[in-house]
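Tertiary structure, described
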Amino acid sequence: MRELTLEDLDDMVLGATLLGAGGGGDPYIARLMVRQAMEDFGSVMIASPDELDPDGLVLTTAVIGAPTVISEKVPAGPEFVGCVTSLAAFLGKKPVAIMPIEVGGMNTLIPIAVAAEMGLPVIDADSMRRAFPQIEMTVFTLAGIPASPMSVADEKGNIVVFQTTTNQVAEKLARASVMQLGMANGISCYPMTVAQVRKFGIQGSMSYCVDLGRKLSAVQRGEVGAYDAFLEFSGGHKYFSGKVIDIDRRTTEGFAKGTLVIEHLTDPTRTMRIEIQNELLMAFEDGKPIVTTPDLICILDHENAQPITTETLAFGQRVDVIGLPCAPEWHQEGMLELVGPKAFGYDVPYTPMEGARK
Amino acid sequence: MSRLRIGIDVGGTNTDAVVVDQDGNVLASTKAVTTPDPSDGIAAALKAVIEGIDKSHIKQAMLGTTHPANAIIQRKDLQQVGVLRLAAPSSLAIRPGAAWPKDLHATVIGPSAIIKGGYEYDGSEISPLDEQAVRDFAQKCKGVVNAIAVSCAFAPANYEQELRAGTIIAEELGEDYAVSLSHQVGAIGLLERENATILNASLFGVAKRVVDGFQGALLSHGLKVDSYLTQNDGTLMTAEEAIRLPILTVGSGPTNSMRGACALAKLSDALVIDVGGTSADVGILIDGFPRESSAAVEVGGVRTNFRMPDLISIGLGGGTIVRDEDGGVRVGPDSVGYRVVTEALITGGSTLTLSDISTKGDRLTGFGDASKVAGVKDATVAGALAWVDEQIQILCDRMKASRTSLPLIAVGGGSHLVPDDIPGVAGVIRPAHHSVANAFGAAIAEASGAVDRVYRYEAEGRDACLDDAKRLATEAAIRAGADADQVRITSVVEVPMSYLPGQGCRVQVKAAGPLATH
């Protein structure tokens, strides 16, 4: 186990913003929350599954709701601790570790605050290693692990624990509960053993996020060779450098959808089109898919390499489009049906990244 | 005879003043040095600019000032504030003042409490307001701090609880006790709005002195006129209001400069570039107002959610140093700054600057001794100017909101560097009086009102919701002094909210109009 330092936290915030792939919520609030939790309850250890009792219970936690509401109805604490302890009570077992579901965006950090308060380690794994908009979009679903029993809680002490037949129904029930509970809630789902995390989870996600952030921060400081080191570490590739010439946003079925068009910096005949559904999901050049979900599309400011979220995209920004291969654990049967282009309504084949690390 | 207005702008270096008639003509202008006590500079600029003007025609005076901004940056004259948040049990995971710089926190933040209260996204209460807790907190602040900042979850949508808390504090500590309520200060984003409200309350003393100094200077010249201060968004508030909301003035400098430049050029939609000795700032005006930045704005190291002009700055100015090296011509990023008047080649110095390049390249004339740059190679001039032109084109490109070409207004002492032809720009305009664009911007400022709240389109329909927001913004503008017949909607921004039921949408509407004459 190793202690998560404040310096790690800064790198983690940057890594989490990048792994948000344009979405996942602003980690700023979550970071303030982690800092206060560390002040009040002490530091947090990151543990590998091999360091924990294989039969021990691992419980996840995340924030679920609407980002705008969370900016006004700031986290309290009990909604996260409450959903974890109530699920533990339902299962009749105490957890040995807390796990993030989504290492990407603000949900990377929330579990750390909860772990600090509960005096538990955070297990170095997750189920996405990027941001996705729905609860069932995990490698656990591919492994046949149910999201339920699961719990949703608010800050006042209202808690629902429920059991569902499929992870898709789990998503619907959770979303419906959240609408009744103030749209800024804690969720705990996919309860499992350490052994299951070891077998089915994405390994080393938290460390990866910190390391990725550290490599990107070196790029931002302008260190020689840092860009190449960053791309080599992540297996990523810079596909396009250009200027945003069109951004069209709309909200349908609860998702912030949009289309982004980028014109190449030096060759105006080349344009890249990126489709957005909360996250940046599909990148096309001349109608040809270049990077497709579940591989990650990240947009960096061309000048300072700061990741740009979909809310802050604007005409005229000069950007680099980076593709990062998704976690290798995604590559198994059922991936495309769950999180491939067709799962988001794009009639386009999945195009694995060229030369991506498996 | 015409009705006249005085505009004064206190900047970091200069205090400028203008007298403007009702048609926007500059009748007089002056530039004085900003003094350690800025009131002295204001008095001096005022005295100079009204020389020879018939004072009986002066009806209004507008002040744009950096006092409050400087007070925060220098941690000077700030008062300590009690911080009350109405949101519990929500928000307990992040205490007030989180992420503030340590020294500012120690200077400004006094007793703080998060008590029961606040609203949900749908308008229901998170908790009813804990009135006894408000009373207890007021008593805790009594004799300890002289102001209290109150913030409530979703106050931009519903501020009943904030008003009630304000009433209770007045009952406990007296009607004159200073209270700042968050819904008057900021928009959506509780932590950022709370930060702004705390800073606002800490500036009450500074604001009172500025307004007293300004009104005192006016009175000492026998000017019994309406007095206003300019806000971050380029619109006005009365001097009395400014005493209660000083934080809304901290970004007014660049806004006044941009609006002044645009009005001097008699345009309402344009790009503006302000080139100084060290840097160039580019902004854009749409319908006479600067486009605001989408990113969070920090004031003195504290994150706020203010409306501030969206500016992009680069190190390109008259004093920027040019080097001709083996690898080619390298420009900046360092600069001799204001010392360009002694250190550039043309002014008898020994440093090759962009002002020298501009002279040799025939862009700058009538400044210094052109013969001093005879030895500069043409290739160096071409290389440096190519860099300047490319940078300015990139800045303009980044700032534009669409592919439509807009004119570019060039102001500032280094504006000679701006080329006449820029791809994607519909002409470069260099207006007269551009050196006092800031003070002119203050003089022509209008009254405004704004609304920022979440609507649910499913219930009322989008059109009805937008109409409601426009009506509220218009009413707010009229309350702020705008002429009811001339108020217009200046911006409407809709931000659809993901996951929110009932087609939730954040709507931001702004209205503005010229001051009503009375």
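Keep in mind it's a predicted model, so treat the numbers as computed, not measured.

Conventions we followed
Residues numbered from 1 in each chain as written. Chains lettered and ligands numbered in written order. Predicted model: local features only at pLDDT ≥ 70, side-chain atom pairs only at ≥ 80, totals over all residues. Heavy atoms only, no water. Helix = DSSP H or I, 4+ residues; strand = E, 2+ residues; numbered from the N terminus. Rg over C-alpha atoms; globule rule 2.2 N^0.38 Å. Buried < 20%, exposed > 50% of the residue type's maximum accessible area, 1.4 Å probe, protein only. Contact = heavy atoms within 4.5 Å. Areas by Shrake-Rupley, 256 points an atom, 1.4 Å probe, with all protein chains shown as cover. Lys, Arg positive; Asp, Glu negative; His and termini not counted. Charge placed at Lys NZ, Arg CZ, Asp CG, Glu CD. Domains from an automatic or database assignment. Buried area = accessible area lost by both parts, 1.4 Å probe. Salt bridge = Lys/Arg side-chain N within 4 Å of Asp/Glu carboxyl O. Polar contact = N/O pair within 3.5 Å; in protein donor to acceptor, adjacent residues only side chain to side chain. Nonpolar A, V, L, I, M, F, W, Y, C, P; charged D, E, K, R; others polar. Patch = residues over 30% accessible without salt bridge, like charges linked within 9 Å, V, L, I, M, F, W, Y side chains within 5 Å. Pairing = 2+ DSSP bridges. Right-handed = clockwise from strand over helix to strand, strands pointing away. Phe/Tyr/Trp six-rings, centres within 6.5 Å; stacked < 30°, edge-to-face > 60°. Lys NZ or Arg CZ within 6 Å of the ring centre and 35° of its normal.

Overview of the overall build of chain B
A count of helical and extended segments in chain B gives 15 helices and 23 strands. A globule of 518 residues ought to have a C-alpha radius of gyration of about 24 Å, and chain B, at 25 Å, matches this closely. Based on the C-alpha atoms only, the size of chain B along its principal axes is roughly 80 × 55 × 50 Å. Counting the 518 residues in chain B, one finds 56% classified as buried. Once local pairs closer than 6 in sequence are excluded, the contacts in chain B between residues at least 24 apart make up 67%. Carbon and sulfur atoms form 49% of the exposed surface of chain B, whose accessible area is close to 20200 Å². The centroid of the 46 positive side-chain charges in chain B is displaced by 2 Å from the centroid of its 61 negative side-chain charges.

Focus: the domain arrangement of chain B
By convention, interface size is frequently given as the accessible area that disappears when the constituent parts associate. Residues and elements named next belong to chain B. When its domains are assigned, chain B resolves into domain 1 (4-71 + 208-250), domain 2 (79-202) and domain 3 (445-513). Using C-alpha coordinates to define each centre, domain 2 is positioned 25 Å away from domain 3. Facing the seven residues of domain 2 at the interface are seven residues of domain 3. Across the domain 2 to domain 3 interface the summed buried area is about 590 Å²; carbon plus sulfur atoms make up 66%. Applying the counting rule to domain 2 against domain 3 returns zero salt bridges. Inspection of the domain 2/domain 3 interface yields zero residue pairs in polar contact (both at pLDDT 80 or more). Residue composition of the side of domain 2 that touches domain 3, grouped by class: six nonpolar, no polar and one charged.

Side note on the domain arrangement of chain A
Residues and elements named next belong to chain A. The assigned domain composition of chain A is domain 1 (2-205) and domain 2 (235-344). Distance from the C-alpha centre of domain 1 to the C-alpha centre of domain 2: 26 Å. At the junction of the two partners, domain 1 supplies 27 residues and domain 2 supplies 31 residues. When domain 1 packs against domain 2, close to 2200 Å² is buried across both sides, 68% of that on carbon and sulfur atoms. Looking at the side of domain 1 facing domain 2, the largest losses of area belong to Leu 18, Arg 130 and Leu 142, adding up to 27% of the total buried there. Along the contact surface separating domain 1 from domain 2 lie zero salt bridges. Here domain 1 is connected to domain 2 by seven residue pairs in polar contact (both at pLDDT 80 or more). The leading source of residues in the side of domain 1 that touches domain 2 is helix 1 (residues 6-19), at four residues. For the side of domain 1 that touches domain 2, the class distribution of residues is twelve nonpolar, twelve polar and three charged.

A look at a nonpolar patch on the surface
Residue and element names in this part refer to chain A. A cluster of nonpolar side chains, Phe 90, Leu 91, Ile 159 and Val 161, forms an exposed patch at the surface whose accessible area comes to about 310 Å². Elements with a minimum of two residues in the nonpolar patch: helix 4 (78-91) and strand 8 (159-162). Note that Leu 91 resides in helix 4.

Overview of the pairing of strand 6 (residues 109-116) of chain B
All names here are of chain B. Here six bridges tie strand 5 (residues 81-88) to strand 6, and the two strands are oriented parallel to one another. The residue bridging Leu 86 from the neighbouring strand is Ile 115, located in strand 6. Once the chain exits strand 5 it traverses helix 3 (residues 102-108) before rejoining the sheet at strand 6, and the crossover so formed is right-handed.

Concerning the pattern of salt bridges
A complete count under the given rule lists 41 salt bridges over all chains for this structure. Here Glu 155 of chain A ties to Lys 73 of chain A by a salt bridge, and the two come within 3.2 Å at their closest N and O atoms. Placement of Glu 155 of chain A in the loop between strand 7 (150-153) and strand 8 and of Lys 73 of chain A in the loop between helix 3 (67-72) and helix 4 is noted, with a sequence separation of 82 residues between them. The burial state of Glu 155 of chain A is the same as that of Lys 73 of chain A; both residues are buried. The partner of Asp 310 of chain B in a salt bridge is Arg 291 of chain B, with the nearest N and O atoms 3.4 Å apart. With Asp 310 of chain B in the loop between strand 15 (302-304) and strand 16 (312-314) and Arg 291 of chain B in the loop between strand 13 (289-290) and strand 14 (297-299), this pair connects stretches of sequence that are 19 residues apart. When salt bridges with common partners are traced through the structure, they connect Arg 2, Asp 8, Asp 11 and Arg 214 of chain A into a single cluster.

Description of the packing of aromatic side chains
Taken as a whole, this structure holds five aromatic pairs over all chains when the rule is applied. Taking the centre distance of 6.2 Å and the plane angle of 70° together, the rings of Tyr 227 of chain A and Phe 230 of chain A count as edge-to-face. Placement of the pair is Tyr 227 of chain A and Phe 230 of chain A together in helix 10 (residues 226-234), with a separation of three residues, close to one helical turn. Phe 230 of chain A sits in the buried class, given a relative accessible area of 0%. Following the ring pairs from residue to residue traces out a cluster consisting of Phe 132, Trp 330 and Phe 344 of chain A. Positioned over the ring face of Tyr 28 of chain A is Arg 303 of chain B, at 3.5 Å from the centre of the ring.

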